[in-house]
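Take a look at the letters that make up each chain.
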Amino acid sequence: MSYVILGRAIKNEYLAIGTILGTVGLAVSLSGGKKEAPAHSGKPTLEQVKDAVKFNASSSEEEEFIKKFVADAEKEAKH
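Bear in mind that the values here come from a model prediction, so they are computed numbers and not experimental data.

The next subject is the confidence of the model for the protein. On average, the protein scores 84 in pLDDT, and the residues at 70 or more come to 90%. Mean pLDDT values for the elements of the protein range from 76 in helix 2 (residues 45–52) up to 95 in helix 1 (residues 12–31).

Now the structure itself:
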C-alpha cells in the first residue's frame, strides 16, 4: 500500500522509516547541549559526606566508638 503525497506515491515502509528517524533525530537534538557541571566546594567527595553525616549517638562514648570504628574501617579500605 502507498500514499500519494504531493502527487507522488510513497510506500508505507518509507513513511515508517522517516517517522522513526525523525523522532530519533528530534530526541537527540533536544537532549544535546551544554551540561552544567555540579558545583564542587573544593573538598573531595568523602570529606563532603563526612561533613554532611551527623551521628545520632545517645552518649559521648557511643559517638567516640562510631568515630573510631569508621576510622579503622577507612584504614583497612586503604590497604
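Now that the structure has been shown, the text picks up again.
What follows is about the pattern of salt bridges. Taken as a whole and assessed by the stated rule, the structure comprises 2 salt bridges. Salt-bridge contacts for Lys 67 lead to Glu 63; the nearest nitrogen and oxygen are separated by 3.3 Å. Separated by 4 residues within a single helix, Lys 67 and Glu 63 lie in helix 3 (residues 60–78), roughly one turn from each other. On the accessibility criterion, Glu 63 (29% relative accessible area) is partly exposed. We note a salt bridge from Asp 72 to Lys 68, for which the minimum N-O separation is 3.1 Å.

The rules behind these values
Each chain carries its own residue numbering, running from 1 in the written order of its sequence. It should be noted that, the model being predicted, local features are given only for residues of pLDDT at least 70 and side-chain atom pairs only at 80 or more, the latter also being counted only at that level, while totals for whole chains, interfaces and linings use all residues. The side-chain values count all of the structure's non-hydrogen atoms but skip hydrogen atoms and water molecules. Per-residue confidence from the prediction method is given by pLDDT, with values spanning 0 to 100. Runs of H or I in DSSP of at least four residues are treated as helices and runs of E of at least two as strands, each being numbered from the N terminus. One side-chain nitrogen of Lys or Arg within 4 Å of one carboxyl oxygen of Asp or Glu is enough to make a salt bridge. Three exposure classes are used, based on accessible area relative to the maximum for each residue type with a 1.4 Å probe and protein chains only: buried under 20%, partly exposed in between, and exposed over 50%.

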